[in-house]
Amino acid sequence: MTLIANTLMLERNEDWRDTLKKFGKIMDKDQEADQVLDQYNTRITEMKSALSAKLGEDIVALFRPKDNSVCLHTTSHLTASILYGDLRMNAPKLMENDKDNSTMIFVEILLNLMAITSLF
C-alpha cells in the first residue's frame, strides 16, 4: 500500500487573505491569522494616505523587464491587486484587464504608459 501525504489544493490566483485564513484554520491559529490581517489593514490604511498625498492622481505601472520586452502586470495580477485595489493607486489604461494577469509588451510601448515606473 502506498501512502500519500496530506494534500491541500489552493485556487490559482486565490487572494492571499483567503489562503492565510485557510492555513490559520488548518493549524488551529484562526486568531493569529485574523491578527495578521488586522495589522495588514491598518498598515494599508496608513500607506494609502501617505501614497495619496505623495502621488495624487499620478499613474503607476507594475512591470518586470525581460530581454527585449517587458512583462506588464495587469490589474488582475495578485501584486497589482494590492497596488490598485488595496492601495487605490491609478493604473494605466493599458493595464486594465480582468482576464489576463500579465501581458508582454515591447520596451518602446513603455513610453506610452505615462506612468511613474517602479521595478519590483
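Remember, it's a predicted structure, so these values are computed and weren't measured experimentally.

Rules behind the numbers
- Residues numbered from 1 in each chain as written.
- Predicted model: local features only at pLDDT ≥ 70, side-chain atom pairs only at ≥ 80, totals over all residues.
- Heavy atoms only, no water.
- Pairing = 2+ DSSP bridges.
- Helix = DSSP H or I, 4+ residues; strand = E, 2+ residues; numbered from the N terminus.
- pLDDT = per-residue confidence, 0-100.
- Buried < 20%, exposed > 50% of the residue type's maximum accessible area, 1.4 Å probe, protein only.

## Considerations on the pairing of strand E1 (residues 60–65)
Pairing geometry for E1 and strand E2 (residues 69–73), over three bridges, is antiparallel. By the bridge assignment, phenylalanine 63 is partnered in E2 with leucine 72. Taking the residues that link successive antiparallel strands as the turn, the E1-E2 hairpin has three residues.

## Details of the confidence of the model for the chain
With 91% of its residues at a pLDDT of at least 70, the chain reaches an overall mean of 83. Here strand E4 (residues 116–119) stands out as the least confident element of the chain, with mean pLDDT 50; helix H2 (residues 30–55) is the most confident, with 95.

## Some points on unusual backbone geometry
Despite not being glycine, aspartate 28 shows a phi value in the positive range, around 55 degrees. Checked against the element boundaries, aspartate 28 lands in the loop between helix H1 (16–26) and H2. Aspartate 28 gets classed as exposed once you look at its relative accessible area, which sits at 66%. With a phi angle near 60 degrees, arginine 88 is a residue other than glycine that sits in the positive phi range. Along the chain, the position of arginine 88 falls in the loop between helix H3 (78–86) and strand E3 (102–106). Taking relative accessible area as the criterion, arginine 88 reaches 57% and is therefore assigned exposed.

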